[in-house]
Amino acid sequence: MAGRFAPSPTSDLHLGNLRTALVAWLLARSSGRRFLLRIEDLDTQRVTAAPQVAARQIDDLQAIGLDFDGEPVWQSERLASYPAAVGRLDTYECFCTRREISEAASAPHSDGYRPYPGTCRDLTEPERSERRRRRPPAIRVRADAAVETVTDLWAGAVTGVVDDFVVVRNDGVAAYNLAVVVDDIAQGVDQVVRGDDLLTSSPRQAWLTRRLGGAVPGYAHIPLAVNAAGQRLAKRDGAVTLTDLCCAGVTAAQVLTRLAQSLGLAGPDEPVTPAILLERFDPALVPRAPWVVSAER
Ligand code: GLU
């Protein structure tokens with residue numbers, strides 16, 4: 001049994017990410033699970049700074065007192081595990097550009113995701129070989145518009161229609177939805193805690209988990225952190241990373257207090273440790289609204 005935190009090394013973790021990590025840690029530890037760290041660096045393999053960003057993310061998580069079992073797992077070191085999983089699925093090549101999909105697809109979902117309209121699903125072999133000459137294909141899984149319902153700890157039942165989503169991108173790299181499922185199965189993860197921007201991806205991922213012979217994990221999607229204007233928290237909102245806050249004279253311990261206070265687990269300026277928070281933690285009391293962060297400037 002294990003929970004995990006799985007950041008992508010695109011930028012330093014901000015207060016919202018650190019809070020999600022804290023909740024993931026609390027849920028794992030309060031249920032006797034191991035807690036794993038996975039660096040989801042498939043998209044950033046060509047970004048020179050990504051390993052340094054990941055190293056800072058790990059340092060920041062440790063600075064607020066979170067501990068992990070085992071060494072962090074890097075997806076870029078697991079590239080060999082993804083093709084075998086793809087080989088077990090019913091898939092087809094897709095030659096569509098983003099633009100073709102947006103022109104052919106129905107309106108995007110509320111999260112911006114455009115379900116695939118199935119344009120390349122039934123191409124003949126001559127059609128495919130003709131298209132291959134113009135464009136390398138992505139690989140999609142044939143989902144036959146399956147309907148999948150997952151149970152989220154806070155959102156309850158979430159039902160989604162599973163479209164023929166991409167499992168291998170057209171640069172040959174495993175797509176996020178595939179890698180996350182393959183890795184969660186391989187690492188024995190049965191508790192997925194993350195930001196609620198990924199809530200609508202969970203029916204897709206649960207369906208794929210079952211397809212690959214895994215047990216669907218429990219999901220817990222936490223509302224995101226937002227700025228005073230209600231927009232998703234970002235670097236431009238001021239001092240929102242540990243590095244920036246430390247430059248402004250705020251210690252990692254004070255940041256932990258602030259995160260804990262936002263979860264109703266500590267009073268203002270009350271010194272706490274993760275162990276103390278664990279004694280107080282009750283999943284039922286985690287706030288269901290976005291966390292409004294007034295950043296220090
Ligand atoms: N790597 C994803 C992110 O940073 C999280 C994926 C997950 O937790 O399933 O948004």
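Here the structure is a predicted model, which means the values were calculated and not measured.

(A) Examining the overall build of the chain more closely. Scanning the chain from N- to C-terminus turns up 10 helices and 12 strands. Here the chain has a C-alpha radius of gyration of 20 Å; the compact-globule value for 297 residues is 19 Å, and the two agree. Its C-alpha atoms give the chain principal-axis dimensions of about 70 × 35 × 35 Å. The 297 residues of the chain split such that 51% are buried. The long-range share in the chain, meaning contacts at least 24 apart out of those at least 6 apart in sequence, stands at 75%.

(B) Quick look at the site of the ligand. Taken together, Arg 4, Ala 6, Pro 7, Ser 8, Glu 40, Tyr 176, Val 180, Arg 194 and Leu 198 make up the full set of residues near the ligand. For the ligand, a nitrogen atom lies 2.8 Å from a polar atom in the backbone of Ala 6. Looking at the shell around the ligand residue by residue, the classes come out as five nonpolar, one polar and three charged.

(C) Inspection of the pattern of salt bridges at higher detail. Applying the stated criterion to the full structure yields 25 salt bridges. Arg 38 is the partner of Glu 40 in a salt bridge, and the nearest nitrogen-oxygen pair spans 2.9 Å. No difference in accessibility class separates Glu 40 from Arg 38, as the two residues are buried. A salt bridge links Arg 232 to Asp 197; the nearest nitrogen and oxygen atoms lie 3.6 Å apart. Pair noted here: Arg 232 is in the loop between β11 (225–226) and α8 (242–247) and Asp 197 is in the loop between β9 (189–195) and α7 (202–211), with a separation of 35 residues, a long-range link.

(D) Quick peek at unusual backbone geometry. Of note, the phi angle at Asp 144 is positive, near 50°, even though the residue is not glycine. Asp 144 sits in the exposed class, given a relative accessible area of 62%. Non-glycine residue Ala 145 carries a positive phi angle of around 50°. Summarising the element assignment, Ala 145 is placed in the loop between β5 (138–141) and β6 (147–152).

(E) View of the packing of helix α6 (residues 176–186) against α7. Viewed as axis vectors pointing N to C, α6 and α7 meet at an angle of 55°, and their least axial separation amounts to 10 Å. Relative to α7, the element α6 lies oblique. When you trace α6 past α7, the crossing you get is right-handed. The segment α6 lies against α7, with Tyr 176, Asn 177, Leu 178, Val 180, Val 181 and Ile 185 engaging Arg 204, Gln 205, Leu 208 and Thr 209. For the contact of α6 with α7, the per-class residue count stands at six nonpolar, three polar and one charged.

(F) Representation of the sheet that holds strand β8 (residues 166–168). Pairing in this open sheet of three strands is antiparallel, and the strands run β4-β5-β8 from one edge to the other. In the strand order of this sheet, the two ends are held by β4 (91–94) and β8, each with one partner. Across the sheet, the mean angle from the axis of one strand to that of its neighbour is 45°, orientation sign disregarded. Across four bridges, β4 lies against β5 in antiparallel orientation. From the neighbouring strand, Cys 94 faces β5, where its bridge partner is Ala 138.

(G) Up close: the pairing of β6. By the alternation rule, side chains of β6 split into Glu 148, Val 150 and Asp 152, which are all buried, and Val 147, Thr 149 and Thr 151, of which none is buried. As defined by bridge partners, β6 adjoins strand β7 (residues 156–161) across six bridges and the pair is classed as antiparallel. Residue Val 147 lies in a different strand from β7, and its bridge partner there is Val 161.

Cut-offs applied
Residues numbered from 1 in each chain as written. Predicted model: local features only at pLDDT ≥ 70, side-chain atom pairs only at ≥ 80, totals over all residues. Heavy atoms only, no water. Helix = DSSP H or I, 4+ residues; strand = E, 2+ residues; numbered from the N terminus. Rg over C-alpha atoms; globule rule 2.2 N^0.38 Å. Buried < 20%, exposed > 50% of the residue type's maximum accessible area, 1.4 Å probe, protein only. Contact = heavy atoms within 4.5 Å. Near = heavy atom within 4 Å. Polar contact = N/O pair within 3.5 Å; in protein donor to acceptor, adjacent residues only side chain to side chain. Nonpolar A, V, L, I, M, F, W, Y, C, P; charged D, E, K, R; others polar. Salt bridge = Lys/Arg side-chain N within 4 Å of Asp/Glu carboxyl O. Axes fitted to C-alpha atoms, helices over the stretch in contact; angles between N-to-C directions. Parallel < 35°, antiparallel > 145°, perpendicular 65-115°, else oblique. Left-handed = near helix turned anticlockwise from the far one by under 90°. Pairing = 2+ DSSP bridges.

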